[in-house]
Amino acid sequence: MSTAQWALVTGASSGLGVEYARSLARSGHNLVLVARNRDRLESLAGSIVQEFSVKCEVLLADLHKSRDVARVAKRLRDSAQPIRVLINNAGYGIPGHLDESDASLERDHLTIHITAPLELTKAVLPGMLERGEGRVVFVSSVAGYLARGSYSAHKAWGLTMARSLNATYKSRGVHVSAVAPGFTRTEFHQRMKMDITMFPSFLWLSAPYVVERSLTAVEAGRAVTIPSFRYKTLVAIAAVLPKKWHQAGD
Ligand SMILES: NC(=O)c1ccc[n+]([C@@H]2O[C@H](COP(=O)([O-])OP(=O)(O)OC[C@H]3O[C@@H](n4cnc5c(N)ncnc54)[C@H](OP(=O)(O)O)[C@@H]3O)[C@@H](O)[C@H]2O)c1
């Protein structure tokens, strides 16, 4: 890429977000790194600037908070430094069934997976359409193909939005793509305090691999990608199994 363009990554302080940031910098993008952990973002920005000679902004935001989402949306609308790539990546899982979980945690969980990506995508789309080029990624999950609580429902939203938006805008140069990874080695499970010792090693994907598949898919204009043959197969099997086999609580 000759003229540096900008990419904005949410959840850039850890896991998949770090890999998106590094990969986009490697392909010549300047970066806006969004998350809450200042030290981590500044350290990542420093290493990216040094390694890839691109510009890197740190934008601290708690995406549970509407005023913080609005600040990120404002950066996405800035036509002086237009954003070519938006990666809606920030997210996490919460344990427990809906009858037991905390209502405010559920609200935040919905906000980070749906309200925030919706508002950020809405903010960036008009400029992308005007310029005739843009890329938007929703980091979904194989959980989006199942029916296992709020997390599955949120991730299904990302899959459906990507299919719908890609069909609407691809012909105008704006590609929208959801990636649906299975278990990926990041801080996700640790943050959820999930015991992962029962999951066999063949199920685990690496974050660089997931990000490489995702960025290849969005550039190619594919609405959805499931990284790895093993997870494509598992999703295909789940589609033909009786639904009650992969519905939590049934
Ligand atoms: N790892 C997996 O197995 C897996 C599988 C399928 C899908 N995913 C999806 O992949 C995405 C990235 O997760 P990951 O696996 O990379 O996990 P991770 O290592 O725990 O990273 C999560 C990121 O989200 C950010 N985040 C969390 N709450 C936030 C908030 N309120 N405001 C702003 N940023 C927030 C965190 O930053 P701060 O704490 O600094 O704010 C962090 O950068 C998520 O959407 C997740 O659902 C993960």
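Residues numbered from 1 in each chain as written. Predicted model: local features only at pLDDT ≥ 70, side-chain atom pairs only at ≥ 80, totals over all residues. Heavy atoms only, no water.

(A) Expanded view of empty space enclosed by the protein. As enumerated under the stated definition, the model contains 1 cavity of 30 Å³ or more in all. Estimated volume of the largest cavity: approximately 120 Å³. What lines the largest cavity is a set of 16 residues, among which Asn-88, His-113, Pro-117, Val-139 and Lys-155 lie closest to the centre. Counting only elements with at least two residues in the lining of the largest cavity, the list comes to α4 (103-131), β5 (134-139) and α5 (149-169). (1 Å grid on protein atoms, 1.4 Å probe; cavity = no way out; pocket = protein on both sides within 12 Å on 5 of 7 lines; lining within 4 Å. Points joined across faces, edges and corners; volume = space filled by probe spheres on them. Helix = DSSP H or I, 4+ residues; strand = E, 2+ residues; numbered from the N terminus.)

(B) Molecular detail of the site of the ligand. For the ligand, the set of nearby residues contains 32 residues, the closest of which are Ser-13, Ser-14, Arg-36, Tyr-151 and Thr-186. Interatomic distance of 2.7 Å between a side-chain N/O atom of Ser-13 and an oxygen atom of the ligand. Take Leu-16: an N or O atom from its main chain is 2.8 Å from an oxygen atom of the ligand. Notes on the ligand: free accessible area 880 Å², of which the protein chains cover 97%. Taken together, the elements giving at least two residues each to the shell around the ligand come down to α1 (15-26), α5 and α6 (188-191). For the shell around the ligand, the element with the most residues is α6, which contributes 3 residues. (Near = heavy atom within 4 Å. Polar contact = N/O pair within 3.5 Å; in protein donor to acceptor, adjacent residues only side chain to side chain. Areas by Shrake-Rupley, 256 points an atom, 1.4 Å probe, with all protein chains shown as cover.)

(C) Broad picture of the layout of surface pockets. If you add up the space inside the second largest pocket, you get close to 170 Å³. If you list the elements that add at least two residues to the lining of the second largest pocket, you get α1, β4 (83-88) and α7 (207-220). Of the residues assigned to the lining of the second largest pocket, the class counts are 5 nonpolar, 3 polar and 4 charged. (Nonpolar A, V, L, I, M, F, W, Y, C, P; charged D, E, K, R; others polar.)

(D) Highlighting the packing of α4 against α5. Across the interface, α4 lies against α5 with an axial gap of 10 Å and an inter-helix angle of 10°. Of the possible angle classes, the one that applies to α4 and α5 is roughly parallel. Across the interface between the two elements, Glu-106, His-109, Leu-110, His-113, Ile-114, Pro-117, Leu-118, Thr-121, Leu-125 and Leu-129 of α4 pack against Ser-150, Tyr-151, His-154, Lys-155, Trp-157, Met-161, Leu-165 and Tyr-169 of α5. For the contact of α4 with α5, the class distribution of residues is 11 nonpolar, 5 polar and 2 charged. (Axes fitted to C-alpha atoms, helices over the stretch in contact; angles between N-to-C directions. Parallel < 35°, antiparallel > 145°, perpendicular 65-115°, else oblique. Contact = heavy atoms within 4.5 Å.)

(E) Structural detail: the packing of α1 against helix α2 (residues 38-52). For the pair α1 and α2, the least separation of the axes is 10 Å and the interaxial angle reads 25°. Relative to α2, α1 is oriented roughly parallel. Where α1 crosses over α2, the handedness of that crossing is right-handed. The segment α1 lies against α2, with Val-18, Ala-21, Arg-22, Ala-25 and Arg-26 engaging Leu-44, Ser-47, Ile-48, Glu-51 and Phe-52. (Left-handed = near helix turned anticlockwise from the far one by under 90°.)

(F) Inspection of the pattern of salt bridges at higher detail. Counted according to the given criterion, the structure contains 12 salt bridges. Arg-75 serves as the salt-bridge partner of Glu-57, at 3.0 Å between the closest nitrogen and oxygen. One end of the pair, Glu-57, is in strand β3 (residues 56-60); the other, Arg-75, is in helix α3 (residues 66-77), with 18 residues separating them in the sequence. The class for Glu-57 is partly exposed, based on a relative accessible area of 25%. Across the pair Glu-133 and Arg-84 runs a salt bridge, and its minimum N-O distance is 2.8 Å. Of this pair, Glu-133 sits in the loop between α4 and β5 while Arg-84 sits in strand β4, placing them 49 residues apart in sequence. Given the relative accessible area of 28%, Glu-133 is considered partly exposed. Here Arg-84 falls in the buried class, since its relative accessible area comes to 8%. (Salt bridge = Lys/Arg side-chain N within 4 Å of Asp/Glu carboxyl O. Buried < 20%, exposed > 50% of the residue type's maximum accessible area, 1.4 Å probe, protein only.)

(G) How the structure looks around the pairing of strand β2 (residues 30-35). In terms of residue burial, β2 counts as a mostly covered element, since 6 of its 6 residues are buried. In β2, alternate side chains face the same way, and those of Asn-30, Val-32 and Val-34 on one face and Leu-31, Leu-33 and Ala-35 on the other are all buried. Note that strand β1 (residues 6-10) and β2 share 5 bridges and pair parallel. Along β2, the bridge assignment pairs Thr-10 with Val-34. At this point the chain moves from β1, through α1, to the parallel β2, and the crossover so formed is right-handed. Two elements, β2 and β3, share 5 bridges in a ladder whose sense is parallel. Of the residues in β3, the one forming a bridge with Leu-33 is Val-58. What joins β2 to β3 is α2, and the crossover it makes is right-handed. (Pairing = 2+ DSSP bridges. Right-handed = clockwise from strand over helix to strand, strands pointing away.)

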